[in-house]
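The lines below spell out each chain.
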Amino acid sequence: LKAQKFKAVSSATSVNKAGNASFIKGVAAATSHEIPSLGAFLVWRKGALVYQGYFHGQTRNTAFNVKSVTKSILSAVAGAAVMRGYLTDLDTPVLDILPEYRPIQYPLLDSGQQVERRVMDTLVHEVTLRHLLTMEAGFAWDESTPIVSAYSYAPDRVRFVLDLPFSNDPGE
C-alpha cells in the first residue's frame, strides 16, 4: 500500500484534544489497511473535529454513499429531539409530521364527495416515526431488485417511499 496521508484538522492543539495523536493516526492507518473500501476516518470529540484522514484516493470533497449509517445517525438525532422536547411521541404518524405528503383531497363535481389526488395504500397512514426508526414500517423493499436504482433517481425520495406498496403491516 502507498503511504497514507494523515491530516490534523486545524492545529496540534486540536489533535491533542483527541488524546494521543500518534495513536489515532495508527488506528486510522491500521483500519485503512484492514478495510480497503474505507475512504475516510474522522474523530469528533467534545464538539470538535479533532482528526480527519482520507484514504484510497478519497478527499474531504468526496461524496460518500453512507446507506445504513444514516439510520444510526437519525436514531441519535431523534433521541436528542425527544430528550429536548422537539418530538413528544415517537408513535406519531409520519403523515402528521410531514403533512405535505398526505394525499390531497379534491371535491367531486356535483356529488360533494372527496376523492384522493392519487391512490395511496391506506396502511401508510399507520406508519409512525418509531416504525421508520426500527425499520418496521412494512414497505415492500428488496435491496436485490431495481427498486434501489429507482429510489436513487427519484426526484422526491420521501414521496417515492410513501408510495411503495406494503409487504407487512407497520410494526410487524
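Here we take up the overall build of the protein. A count of helical and extended segments in the protein gives seven helices and five strands. Secondary structure elements of the protein occur, N-terminal to C-terminal, as β-α-α-β-β-α-α-β-β-α-α-α. For the protein, the residues scored as buried account for 25% of the 172 residues in total. Counting only contacts in the protein whose residues sit at least 6 apart along the sequence, the fraction spanning at least 24 positions is 54%.

Quick look at the confidence of the model for the protein now. Low pLDDT means the predicted coordinates in that region are not meant to be read closely. Mean pLDDT over the protein works out to 78, with 78% of the residues at or above the 70 mark. Note on residues 1-18: pLDDT under 50 across the span, and 29 contacts to partners over four residues away in sequence or across chains.

The next point concerns the environment of Leu42. Position of Leu42 among the secondary structure elements: in strand 2 (residues 40-45). On the accessibility criterion, Leu42 (46% relative accessible area) is partly exposed. For the pair Leu42 and Gly53, spaced 11 residues apart in the sequence, the C-alpha separation amounts to 6.5 Å. The residues contacting Leu42, other than those within four sequence positions of it, are Leu49, Tyr51, Gln52 and Tyr54.

Rules and cut-offs
- Residues numbered from 1 in each chain as written.
- Predicted model: local features only at pLDDT ≥ 70, side-chain atom pairs only at ≥ 80, totals over all residues.
- Heavy atoms only, no water.
- Helix = DSSP H or I, 4+ residues; strand = E, 2+ residues; numbered from the N terminus.
- Buried < 20%, exposed > 50% of the residue type's maximum accessible area, 1.4 Å probe, protein only.
- Contact = heavy atoms within 4.5 Å.
- pLDDT = per-residue confidence, 0-100.

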